[in-house]
Amino acid sequence: MTSPDLPAPVERPAGASLGARVRGSRLVWPALALLLLLVGNTIASPSFLGVRLQDGHLYGSLVDILKNGAPIALIALGMTLVIATRGIDLSVGAVVAIAAAVTCTWIAGSPDPTSASAALTGMAVAIALCLVLGLWNGLLVSVLGIQPIIATLVLMTAGRGIAMLITDGQIITVNNESFSFVGSGFLLFPVAILLALVVFVVVALLSRRTALGLLVESVGINPEASRLAGLRSRTIIWTVYVFSAFCAGLAGLMISANVNAADANNAGLFIEMDAILAVVIGGTSLAGGRYSLVGTLLGALTIQTLTTTVYTVGIAPEVTLVFKAVVVIAVFLLQSARVRAAFARLGRRGGPTRPVPRTAPARPVAARPRPAERVSPS
Amino acid sequence: MRPTPRLTRIATLLSVAALSVTTLAACGGGGEAAPAGQSGGGGGSDKLTMGFAQVGAESGWRTANTKSIQESASSAGVDLKFSDAQQKQENQIKAIRTYIQQKVDVIAFSPVVETGWDTVLLEAKRANIPVILTDRSVDSTDTTLYKTFLGSDFVAEGKKAGDWLVKDSEGKSEVDVAELQGTTGAAPAIDRKEGFAEAIKAAPQIKVVASQTGDFTRSGGKQVMEAFLKSNPDIDVVYAHNDDMALGAIEAIEAAGKKPGKDIEIISVDAVKDGMTALSEGKINYIVECNPLLGPQLMDLAKKVKAGEEVPQRVVTEETTFTQDEAKKALPDRKY
């Protein structure tokens, strides 16, 4: 693991003050972006943060964000692990469409389309198929050594076609309460976000309480060195693609259950881009290696909040994409250590009477292993 | 590894990726060709050969449209070459160029977007192949580029929706409307908005308080409606540019504890089967039909054009509107 690709570790000098620790965390920027969006929404529409009980469940804009953000969060979670191994999975949107198509077609074709058993078997079949699709992606990447972007592109293009074949090009509508529960049901909180949280906690425990997370990171940093060090790189890479397809499949169930229909053309369309964006906003590098699960969750919620903002604030559809792009660029600039360093320099030049940089007291220079501009997101 | 070569590599990979997407997509389009296949140009035989470049298969409406064209072609004895552009203009232009090379008798297509067609249409004109537009129009100053445009009048559809609301709102002091627009920039979205806005001018108490795109999809309609219900709690009427978005809005309204069709009235356009079902159940109040079954009319026009007969520049498809009672009657024989 001596590759120069090794991402610089986040600087946390022992005994640093809480303020410095918070500033040093990579999570502070996505969290700040999310907070700013929420504040902006509250200014535009004062009732935005209001949450009340409606028919025994929570009701409000924040609840909508959680419910509609759950599929993106779930897919981004799978994507985080894939990206941590230096890969990328472009096929998640197609897998969403396939999972939706299989479940709805199964339920619609079963003898009793409203029964819980039809919903359960339909969902099980869909998830099983998604695992197979993940195996396929993993096979292409880990065994055959095809570049991940190309390997998953195959399924990205073909997958939507498969979904169209399954649904025969039609939108399949189902009326099944058990199925609907996955997407728009409530156990006080939306079921969708609870499901996503369960997966999230399991992954967090598995990867941070065992060595698994470390292994994933080391494979991402240098697969060859990891293999020479005795790690089964191939198995790890294979596993993350299967997991990513599982997440996408589950998200597909949520997306189709939310509207009680499978729309092979539009279900999960471009969601791979949103997922990658969520991962990047969360501070995980596309170059592989170190990853942040909480960051990804914050990133996914930021993206969903952005979408909800457009609707709540009433931004004209013609400028929606520009608005989103501007916000995303702002978040990235905020995250870039170089940009912040440049601003800090400008600030110092602007105020020559102040001899010491503002951050100096909290961070003694001696504690820094490398120049601040390059390493620490100060 | 230094970052720069890796960036270059990623860039190369991306361009390769983009290339293969287009090729694959093009192959996919070709793969769906009608049984007519590669049976050469139609110049020699007396059988009429038509090249049809479809938008894609993005909705139940479109599938019904495709089926109608394919069925009426075979029953009218027309040799149909069919391609699916998967919602991409470049694929459609490629398909049209192929039809020009194959020297088909008539080219018909449903433009994905309104602009950017002049060059390829000029090529068809120079090759003396008449072009018929179906369902959607092109935005070009040169109207000699195509023979005729067969399709719905989206502005009229929007107007019909607005007229119904004006009548329905008589005697009410204030009517707040939330509009769910179609895909931004698409002709049906622009025109249905325009027609509706024009019609409701007659009743000053009707106000569009929120208007946002739901991309013609159910989940789009649901998400937008969820947000609308929170930012504008007093919405009285939803006007959706298609049935799918209306169906999504119904779910959002129900989740908010209100009754669609009663607490909030819903007007929609299309009249696909799921929409008609909701209308007959009282969850939608009024649907303006947008008829996809224009195959027979298209074959008639193609034959007339081939025979050199004069055809009008604009042919409007026959369409109607549905109230809840009419929907109950029409539903049993609804094809799509």
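Just so it is clear, the structure is predicted and the values come from calculations on it, not from any experiment.

Concerning the UniProt feature "domain: Periplasmic binding protein" (unreviewed entry) in chain B
Next, step 1: When the UniProt feature table is mapped onto this chain, "domain: Periplasmic binding protein" (unreviewed entry) is found at residues 56-309 of chain B.
Next, step 2: Strand forms 19% of residues 56-309 of chain B and helix 45%; the C-alpha atoms that close the span are 31 Å apart.

A word on the domain arrangement of chain B
Residues and elements named next belong to chain B.
Next, step 1: Assigned domains of chain B: these are domain 1 (32-152 + 292-318) and domain 2 (154-290).
Next, step 2: The C-alpha centroid of domain 2 is placed 32 Å from the C-alpha centroid of domain 1.
Next, step 3: Classifying every residue of the side of domain 1 that touches domain 2 gives two nonpolar, four polar and two charged.

Focus: the environment of G268 of chain A
All names here are of chain A.
Next, step 1: Mapped onto the elements, G268 comes out in the loop between strand 6 (261-262) and helix 12 (271-281).
Next, step 2: Using a count of 31 C-beta atoms within 10 Å as the deciding quantity, one classes G268 as buried.
Next, step 3: The spacing of G268 and A278 is ten residues in sequence and 15 Å in space, taken between C-alpha atoms.
Next, step 4: Apart from the residues within four sequence positions on either side, G268 is in contact with G93, V96, A97, G252 and I255.

Focus: the sheet that holds strand 2 (residues 79-84) of chain B
Strands in a sheet are paired, the pairing made by backbone hydrogen bonds, and the direction either parallel or antiparallel.
All names here are of chain B.
Next, step 1: On the basis of which strands lie adjacent, the open sheet formed by six strands has the order 2-1-3-4-5-11 and parallel pairing. Sheet topology places strand 2 and strand 11 (314-316) at the edges, where each strand pairs with a single neighbour. Taken over all neighbouring pairs, the strand axes of this sheet differ in orientation by 20 degrees on average, direction set aside.
Next, step 2: Bridging between strand 1 (residues 49-54) and strand 2 involves six bridges; their strand directions are parallel. Paired with A53 across the strands is S83, a residue of strand 2.

Examining the interface of chain B and chain A
Interface size is commonly expressed as the accessible area that is lost once the parts come together.
Next, step 1: Taken together, the contact between chain B and chain A spans 34 residues of the former and 35 residues of the latter.
Next, step 2: Looking at the side of chain B that touches chain A, the elements with two or more residues in it are helix 1 (3-31), helix 2 (60-75), strand 7 (206-213), helix 7 (218-231) and helix 8 (243-255) of chain B.
Next, step 3: The leading source of residues in the side of chain B that touches chain A is helix 7 of chain B, at ten residues.
Next, step 4: Counted by class, the side of chain B that touches chain A contains twelve nonpolar, 15 polar and seven charged residues.

Looking at the pairing of strand 6 (residues 175-181) of chain B
All names here are of chain B.
Next, step 1: Counted residue by residue, strand 6 has six buried out of seven residues, so it is predominantly covered.
Next, step 2: As defined by bridge partners, strand 6 adjoins strand 7 across seven bridges and the pair is classed as parallel. By the bridge assignment, E179 is partnered in strand 7 with S211.
Next, step 3: On the question of chirality, the crossover connecting strand 6 to the parallel strand 7 by way of helix 6 (residues 187-200) is right-handed.

Cut-offs used in this document
- Residues numbered from 1 in each chain as written.
- Chains lettered and ligands numbered in written order.
- Predicted model: local features only at pLDDT ≥ 70, side-chain atom pairs only at ≥ 80, totals over all residues.
- UniProt positions renumbered as here; feature names shortened; annotations may be inferred.
- Helix = DSSP H or I, 4+ residues; strand = E, 2+ residues; numbered from the N terminus.
- Domains from an automatic or database assignment.
- Nonpolar A, V, L, I, M, F, W, Y, C, P; charged D, E, K, R; others polar.
- Buried ≥ 20, exposed ≤ 12 C-beta atoms within 10 Å, placed from the backbone.
- Contact = placed C-beta atoms within 7 Å.
- Pairing = 2+ DSSP bridges.
- Axes fitted to C-alpha atoms, helices over the stretch in contact; angles between N-to-C directions.
- Right-handed = clockwise from strand over helix to strand, strands pointing away.

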